[in-house]
Amino acid sequence: MKDTNQNATSINEAGVPKALENSIPKVDNIKETGKVTAVVAVMQVNTNLTKDCKTGKNWIRKNVIMTSSVSRSSKKRPVLKTKLIRVLLDTGSSDDLIFIKKGSRPNIPIRKKEGGTREWTTSNGTFTTSKVGVVDLTFLEFSRSKRVHLNPDIVEYQGKAPKFDLIIGKKTMHELGIVLDCQDNTITIDSICLPMRNIDSLITRHKSKLAIYNYIAAGEPLSTASEQERVDRILDAKYEKADLSDIAGQCNNLSQSEREELLSLLRQYETLFDGTLGDWKLKPISFELREGSVPYSTRPYPIPEKYFSTTRKEIDRLCEIGVLKRQRESEWGSPTFITPKKDNTVRVVSDFRRLNKMLVRKPFPLPKISTTLMQLKGFTYATALDLNMGYYTIRLDAKSSEMCTIIFPWGKYSYQRLPMGVSGSPDIFQGCMSDLMEDLMYVRTYLDDLLIITSGSLSDHLAKLAPVLGRLRDAGLKVNATKSFFCTEETEYLGYVLTRDGIKPQPKKVQAILALNPPNSVKELRTFLGIFQYYRDMWEKRSDMLAPLTNLVR
């Protein structure tokens with residue numbers, strides 16, 4: 001749709017401007033293709049609006065309270081409610097349109113359009129709008145908390161309602177970063193990609209009611225449903241030998257000859273990428289107990305039946321590779337469970353909180369992320385290496401192994417390697433990594449994440465990468481090739497995206513922040529602010545912007 005200077009407006013039998021007939025997909029046609037570029041959204045509405053006598057504008061009262069219920073003392077005060085609407089994402093429309101039944105009481109603020117009327121043209125004719133609405137909505141399948149503010153032109157209809165309540169045009173889609181992929185039939189909003197929906201799921205009444213219920217009752221956005229399924233499945237962990245030809249072939253920023261040069265280097269250190277557990281050639285680590293500490297053992301955490309076989313299989317695997325050993329005589333016992341990792345493997349998580357209170361910690365300074373990032377400006381090539389099962393490469397002595405005994409419903413196991421969750425583990429591992437790479441000034445180490453950055457040619461980068469790989473091999477360590485990146489111009493590191501032009505936050509982490517629910521208590525507000533502070537060094541006037549919120553927790 002585009003603006004036009006023609007004057008012609010007519011409506012069809014349903015009361016919709018005839019010019020819009022071909023712009024709104026018909027159900028029969030949609031059923032043939034199966035999918036539509038449309039989403040379900042929750043719109044904030046208010047049935048009690050006041051009118052400005054001078055301007056004729058409808059506005060929400062100033063004393064409106066944004067809650068889902070009203071106390072007895074404020075029954076007469078207006079309350080914002082939610083309404084489920086069907087939104088068409090239309091690349092053929094220049095701007096946004098909302099459909100309101102003619103003569104009905106509006107439930108959104110309405111004002112007269114600046115500059116009078118606006119005339120629209122389509123392949124089927126023209127129509128005119130003279131009012132705009134003030135709309136706040138949430139794409140509930142993509143986020144439960146992020147609100148989008150729109151000022152769509154109002155199209156008044158008579159009779160049966162159109163198939164869609166709101167049309168979002170290409171200008172707004174560009175501003176919101178909405179991507180429609182008609183080849184894969186997907187819609188992407190804020191880096192979350194979901195399949196296009198069938199029209200039946202958008203217009204069926206009982207499904208609409210269910211969606212509203214889910215929006216109100218659910219504790220997370222519906223877009224995380226696939227993630228929850230991944231949690232429920234808890235895929236079996238797999239560690240396989242890397243295909244180095246494939247690894248080099250994925251470096252799309254390199255020419256063919258440069259990929260062959262990288263592949264030649266990787267093959268020199270092929271044993272690093274064999275997918276096995278490394279064995280760091282160090283003296284076994286010993287933990288020191290505080291004076292007066294005594295062994296303890298607690299009841300195991302229950303394991304749901306659907307997780308049971310996978311848990312047993314993972315524990316058996318850890319025994320086979322030497323991380324755990326069956327233990328029948330230890331007086332110690334910490335409860336344990338498993339959680340999925342983002343690369344679809346699983347991680348054993350032990351609750352060592354009581355043990356940690358008894359240990360003498362020997363702190364080693366972890367690199368400050370903000371300082372590390374400031375040192376990364378101006379690179380030409382970067383390689384990020386992730387050590388395979390990092391902590392598990394360090395052995396424990398017999399006494400420390402017995403302290404790190406974990407308990408399951410079917411028995412006990414002792415860690416033979418450095419476990420995650422023990423208070424001194426990060427200090428020990430970081431100290432060992434810093435010693436290993438201490439004199440290589442172009443290497444940054446943060447626990448099991450290594451970053452090699454250079455500002456010269458690719459040959460220079462590979463020449464500096466070689467001694468890093470050599471030291472890792474000689475130390476007995478292994479590299480997780482699937483989580484590593486070689487000779488890139490852009491890479492993810494410590495929650496940021498590093499590029500030749502500068503540093504930016506990871507889109508997925510930004511989306512996670514945008515999808516946060518509004519805090520409802522001081523405790524939740526502290527957590528809310530803490531998450532925002534992760535990217536504090538990238539904000540201008542951050543303190544001023546957050547001052548109204550930080551004042552609430554003082």
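These numbers were taken from a predicted model, which means no experiment stands behind them. (Residues numbered from 1 in each chain as written. Predicted model: local features only at pLDDT ≥ 70, side-chain atom pairs only at ≥ 80, totals over all residues. Heavy atoms only, no water.)

### Structural notes on the sheet that holds strand E28 (residues 496-499)
Taken together, the 3 strands give an open sheet; going across it, the order is E27-E28-E29, and neighbouring strands pair in antiparallel fashion. Looking at which strands have only one partner, the edges of the open sheet turn out to be strand E27 (490-493) and strand E29 (502-505). Each neighbouring strand pair of the sheet contributes to a mean axis angle of 25°, computed without reference to strand direction. (Pairing = 2+ DSSP bridges. Helix = DSSP H or I, 4+ residues; strand = E, 2+ residues; numbered from the N terminus. Axes fitted to C-alpha atoms, helices over the stretch in contact; angles between N-to-C directions.)

### Side note on the nonpolar core
By size, the foremost hydrophobic cluster in this structure holds 83 residues, and its most contacted members are Phe273, Phe287, Leu385, Tyr415, Val468, Leu472 and Phe486. Apart from residues no more than four positions distant in its own chain, leucine 472 is found in contact with Leu272, Leu385, Leu387, Leu436, Met437, Leu450, Leu477 and Val479. Of all hydrophobic cores here, the second largest spans 26 residues; its members include Ile85, Val135, Phe142 and Ile187. (Core = buried A, V, L, I, M, F, W, Y, C linked by side-chain atoms within 4.5 Å. Buried < 20%, exposed > 50% of the residue type's maximum accessible area, 1.4 Å probe, protein only. Contact = heavy atoms within 4.5 Å.)

### Topic: the pairing of strand E6 (residues 97-101)
Put simply, side chains in a regular strand alternate between the two faces of the sheet. For E6, the tally of buried residues reaches 4 of 5 residues, placing the bulk of the element in the interior. As judged from the 5 bridges shared by E6 and strand E13 (residues 153-157), these two strands associate in the parallel manner. What sits directly across from isoleucine 98, in E13, is isoleucine 154. Sheet analysis places E6 next to strand E14 (residues 166-168), joined by 2 bridges and oriented antiparallel. Across the sheet, the residue bridging to isoleucine 98 is leucine 166, located in E14.

### Remarks on the sheet that holds strand E24 (residues 443-446)
Hydrogen bonding along the main chain pairs the strands of a sheet, whether they run parallel or antiparallel. Spatial strand order, E24-E25-E21-E26: 4 strands in an open sheet with antiparallel pairing. Sheet topology places E24 and strand E26 (485-488) at the edges, where each strand pairs with a single neighbour. Across this sheet, the average inter-strand angle for adjacent strands is 15°, counted without regard to direction. Bridge count for E24 against strand E25 (residues 449-454) is 4 bridges, and the pairing is antiparallel. By the bridge assignment, arginine 444 is partnered in E25 with leucine 451. Packed onto the sheet, helix H13 (residues 458-475) meets strand E21 (381-386), E24, E25 and E26 and runs at close to 20° relative to E21.

### Thoughts on the pattern of salt bridges
Within this structure, the stated rule accounts for 14 salt bridges. In this structure, the salt-bridge partner of aspartate 386 is lysine 483, at a minimum N-O distance of 4.0 Å. Remark: lysine 483 occurs in the loop between H13 and E26 and aspartate 386 occurs in strand E21; sequence separation between them is 97 residues. Aspartate 386 sits in the buried class, given a relative accessible area of 7%. (Salt bridge = Lys/Arg side-chain N within 4 Å of Asp/Glu carboxyl O.)

### So, the packing of aromatic side chains
Any pair of aromatic rings gets described here by the distance separating the centres and the angle formed by the planes. Tallying each qualifying case throughout the model produces 9 aromatic pairs. Note on tyrosine 296 and tryptophan 332: the rings are 6.0 Å apart at their centroids and 80° apart in plane angle, and the pair reads as edge-to-face. Here the residue tyrosine 296 occupies a position in the loop between helix H7 (256-268) and helix H8 (305-320), and tryptophan 332 occupies one in the loop between strand E18 (324-327) and strand E19 (334-340), the gap between them amounting to 36 residues. By the burial criterion, tyrosine 296 is buried, and tryptophan 332 matches it. Judged by centre distance (6.0 Å) and plane angle (80°), the ring pair of phenylalanine 408 and tyrosine 413 falls under edge-to-face. Like phenylalanine 408, the residue tyrosine 413 is buried in the burial classification. Feature note: the residues Trp280, Tyr391 and Phe429 constitute an aromatic cluster, connected by ring pairs. Positioned over the ring face of tryptophan 120 is arginine 118, at 4.0 Å from the centre of the ring. (Phe/Tyr/Trp six-rings, centres within 6.5 Å; stacked < 30°, edge-to-face > 60°. Lys NZ or Arg CZ within 6 Å of the ring centre and 35° of its normal.)

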